[in-house]
Amino acid sequence: MGDLGRLLKESWSLVEEHQDKVAGYFYARIFLSYPDLRDLFPVHMDVQRSRLLNAIVTAVQSIDDADKFTAYLRGLGRDHRKFHVEPEHYEVVGGALIEAMRVHAGEQWCVEYDQAWADAYAKIASVMLQGAESDNSNPPYWYAEVVAHERRATDISVFTVQPMQPLDFRAGQYVSIECPRIQPRLWRPYSIANAPRRDNTLEFHVRAVGAGWVSSALVRRLEVGDMIRLAAPMGTMNLDRRSTRDTVFVAGGTGLAPIKSLLEELTRYNRTRWVHVFVGARNREDLYDLPELNRLAARYPWLSVVTACSDDPTYPGEQGDISDVVARYGPWSEHDFFVSGSGPMVKATLKTLTELQVPSIRVKYDSFSDL
Ligand SMILES: Cc1cc2nc3c(=O)[nH]c(=O)nc-3n(C[C@H](O)[C@H](O)[C@H](O)COP(=O)(O)OP(=O)(O)OC[C@H]3O[C@@H](n4cnc5c(N)ncnc54)[C@H](O)[C@@H]3O)c2cc1C
Ligand code: HEM
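Residues numbered from 1 in each chain as written. Chains lettered and ligands numbered in written order. Predicted model: local features only at pLDDT ≥ 70, side-chain atom pairs only at ≥ 80, totals over all residues.

Enquirer: Would you mind going over helix 8 (residues 256-269) with me for this structure?
Expert: The α-helix advances 3.6 residues per turn, and as a result positions three or four apart in sequence lie on the same side. Helix length check: helix 8, at 14 residues, gives a terminal C-alpha distance of 20 Å against a target of 20 Å (1.5 Å per residue), a fit within 8%. Where helix 8 is concerned, the buried positions are Leu 256, Ala 257, Pro 258, Ile 259, Lys 260, Ser 261, Leu 262, Leu 263 and Leu 266. (Helix = DSSP H or I, 4+ residues; strand = E, 2+ residues; numbered from the N terminus. Expected span 1.5 Å × (residues − 1). Buried ≥ 20, exposed ≤ 12 C-beta atoms within 10 Å, placed from the backbone.)

The structure is reproduced here in structure tokens:
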């Protein structure tokens, strides 16, 4: 770990136990300096699970790998145009963060810590700002009308939207969605479930999670005719057209969305690569897109689909977690892999792939929650 990384970790450990207080101070400082910024944040702020503070601390702590995250940070900068963030806001937010830590750290805080946070934050903010500036020909967000909405399972819906202006994206990417009628100011990322289409429509697959604010609104309350907002596309889980390797897709639940997008792209040009899709769910009801997958497998001889249920003993397909099912097939050491689903599902699959000696450079993944 470099010196900067060490200083950042050391200083964060001084305040880690008092995160709630740091978060309270951080937001109070921002809103005092710029009262207008309050309108960007959710009406009910859950300071204990502060998204912005946690995101910045995680980004700053990864500064030693900043080059690896450049594409992500540029995308995040483009995404943040949805908040109409101006360069001076970055200074206000960075200043508030450092002051909040200094105030709560006690006597051990020193000027080197101040400098380390200022340097790391400035580096990240500058990449995000470059990303935002390079996106000036696009709107800060797109309005899109819901043109179809189908409940496919108790807690899963598939819906299609028609953006008012074309939204360019690559198969496998995701966008942040806000539903102003039901949950204003709450944005969450969702993967686009189709490859770019001539009519520009976008499909999404959403599962309502526990006490989730946005997912349950999208699954249970969204209606045809609703207008939602979409932010700039993000993500690098894309196909490498130059690769000649056979490909394996592993999806858990609605993790199928970006996999469907990549599959749809492959149907447009693939003739030579064998493609294996593994889809896991808790029970057969959650295999919400099976007819469509079967239709694709019947049409494209290079495609095979394996489905598994982890909690449905009478299901006639494979039984168990999808990460274990993948291991029963193979060998896979010469394949490209794409993995998508909940944090635990992705983590278990990555572990299996390491055990199967699949080089990590051949594995791309999107995790829907913390790994
Ligand atoms: C890159 C990316 C792409 C994504 N694509 C999709 C997609 O295509 N389809 C889709 O359904 N979801 C997708 N997600 C997840 C989505 O962004 C939300 O996190 C999810 O819908 C929950 O949002 P919420 O507002 O309902 O829950 P919140 O109000 O944010 O959280 C409520 C509670 O649920 C917990 N929680 C949050 N997410 C999950 C989860 N996935 N599993 C279990 N518990 C959780 C939280 O810890 C919290 O306790 C994606 C996430 C990422 C990062
Ligand atoms: C280094 C700088 C920054 C980084 C790394 C960063 C990163 C992030 C990330 C990743 C999220 C999403 C978290 C999630 O929903 O899971 C987020 C949310 C947000 N960011 Fe930023 N951000 C930065 C600067 C800013 C600035 C300058 C503003 C302007 C005020 C801003 C405003 C917001 C808002 C309003 C949210 C939503 C918060 C919520 O829903 O509670 N961010 N940020």
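Here the narrative resumes, following the displayed structure.
Enquirer: Looking at this model, I keep getting lost on unusual backbone geometry. Mind explaining?
Expert: Note: most peptide bonds trans; most residues except glycine with negative phi. Here the residue pair Gly 330 and Pro 331 is connected by a cis peptide bond, since its omega of 5 degrees sits within 30 degrees of zero. Inspection of the secondary structure assignment puts Pro 331 in the loop between helix 10 (322-328) and strand 11 (336-341). We note that Arg 185 has phi near 70 degrees; this positive angle belongs to a residue other than glycine. As for its placement among the helices and strands, Arg 185 is situated in strand 4 (residues 183-191). Classification of Arg 185 by C-beta neighbours within 10 Å gives partly exposed; the count is 13.

Enquirer: When you look at the site of ligand 1 in this model, what are you seeing that I'm missing?
Expert: Neighbouring residues of ligand 1: 22 residues in total, closest Ser 191, Gly 212, Val 214, Ser 215 and Phe 368. Mapped onto the shell around ligand 1, the elements with two or more residues apiece are strand 4, strand 5 (202-207) and helix 7 (213-221). Residues of the shell around ligand 1, tallied by class, amount to 10 nonpolar, 9 polar and 3 charged. Both domains that meet at the shell around ligand 1, namely domain 2 (142-230) and domain 3 (247-366), each give it at least three residues. (Near = placed C-beta within 6 Å. Nonpolar A, V, L, I, M, F, W, Y, C, P; charged D, E, K, R; others polar. Domains from an automatic or database assignment.)

Enquirer: Quick question: what am I supposed to make of helix 6 (residues 111-133) here?
Expert: Taking 1.5 Å as the rise per residue, helix 6 with 23 residues should run 33 Å; its terminal C-alpha atoms sit 32 Å apart, in good agreement. Buried residues of helix 6: Tyr 113, Ala 116, Trp 117, Ala 120, Tyr 121, Ile 124, Ala 125, Val 127, Met 128, Gly 131 and Ala 132, and no others. Of the surrounding elements, those touching the buried residues of helix 6 are helix 1 (3-15), helix 3 (51-61), helix 4 (70-79) and helix 5 (87-105). (Contact = placed C-beta atoms within 7 Å.)

Enquirer: Which parts of the structure should I look at to understand the domain arrangement of the protein?
Expert: Quite often, the size of an interface is put as the accessible area lost when its parts meet. Segmentation of the protein into domains returns domain 1 (3-134), domain 2 (142-230) and domain 3 (247-366). Contacts between the two partners involve 16 residues from domain 2 and, on the opposite side, 15 residues from domain 3. Counting residues per element, the side of domain 2 that touches domain 3 draws most heavily on strand 5, at 4 residues. Partitioning the side of domain 2 that touches domain 3 into residue classes produces 9 nonpolar, 5 polar and 2 charged.

Enquirer: Looking at this structure, I do not really get the site of ligand 2. What am I missing?
Expert: Inspection of the region around ligand 2 gives 20 residues, with Leu 40, Arg 51, Ala 55, Ala 59 and Val 93 positioned closest. Contributions of two or more residues to the shell around ligand 2 are made by helix 3, helix 5 and helix 6. At 5 residues, the largest contribution of residues to the shell around ligand 2 is made by helix 3. Counted by class, the shell around ligand 2 contains 17 nonpolar, 2 polar and 1 charged residues.

Enquirer: Can you help me understand the sheet that holds strand 3 (residues 174-179) in this one?
Expert: Each strand in a sheet pairs with another by means of backbone hydrogen bonds, the pair being arranged parallel or else antiparallel. Spatial strand order, 4-3-6-1-2-5: 6 strands in an open sheet with antiparallel pairing. A strand with exactly one partner marks an edge of an open sheet, and here the two such strands are strand 4 and strand 5. Across the sheet, the mean angle from the axis of one strand to that of its neighbour is 35 degrees, orientation sign disregarded. Bridge count for strand 2 (residues 156-163) against strand 5 is 6 bridges, and the pairing is antiparallel. What sits directly across from Phe 159, in strand 5, is Phe 204. Taken strand by strand, helix 7 contacts strand 2, strand 3, strand 4 and strand 5, and its axis lies near 80 degrees from that of strand 4. (Pairing = 2+ DSSP bridges. Axes fitted to C-alpha atoms, helices over the stretch in contact; angles between N-to-C directions.)

Enquirer: What's the story with the UniProt feature "domain: FAD-binding FR-type" (unreviewed entry) in the protein in this structure? I'm lost.
Expert: The positions that UniProt labels "domain: FAD-binding FR-type" (unreviewed entry) are, in the present scheme, residues 139-240. Secondary structure across residues 139-240 comprises 9% helix and 44% strand; the distance between its end C-alpha atoms is 28 Å. (UniProt positions renumbered as here; feature names shortened; annotations may be inferred.)

Enquirer: What's the story with the environment of Gly 24 in this structure? I'm lost.
Expert: Mapping Gly 24 onto the fold places it in helix 2 (residues 19-33). Once the C-alpha coordinates of Gly 24 and Glu 91 are considered, the two residues, 67 residues apart in sequence, prove to be 18 Å apart.

Enquirer: Honestly, the pairing of strand 9 (residues 303-309) in this entry has me stumped. Any pointers?
Expert: Every regular strand shows the same layout, with side chains that alternate between the two sheet faces. Sheet topology note: the strand 8 (residues 275-281)/strand 9 ladder contains 7 bridges and is parallel. Along strand 9, the bridge assignment pairs Val 277 with Val 305. Between strand 8 and its parallel partner strand 9, the chain crosses via helix 9 (residues 290-299), and the hand of that crossover is right-handed. Summarising the sheet, strand 9 and strand 10 (residues 318-319) pair through 2 bridges and their orientation is parallel. Note that in strand 10 the partner of Ala 308 across the bridge is Glu 318. (Right-handed = clockwise from strand over helix to strand, strands pointing away.)

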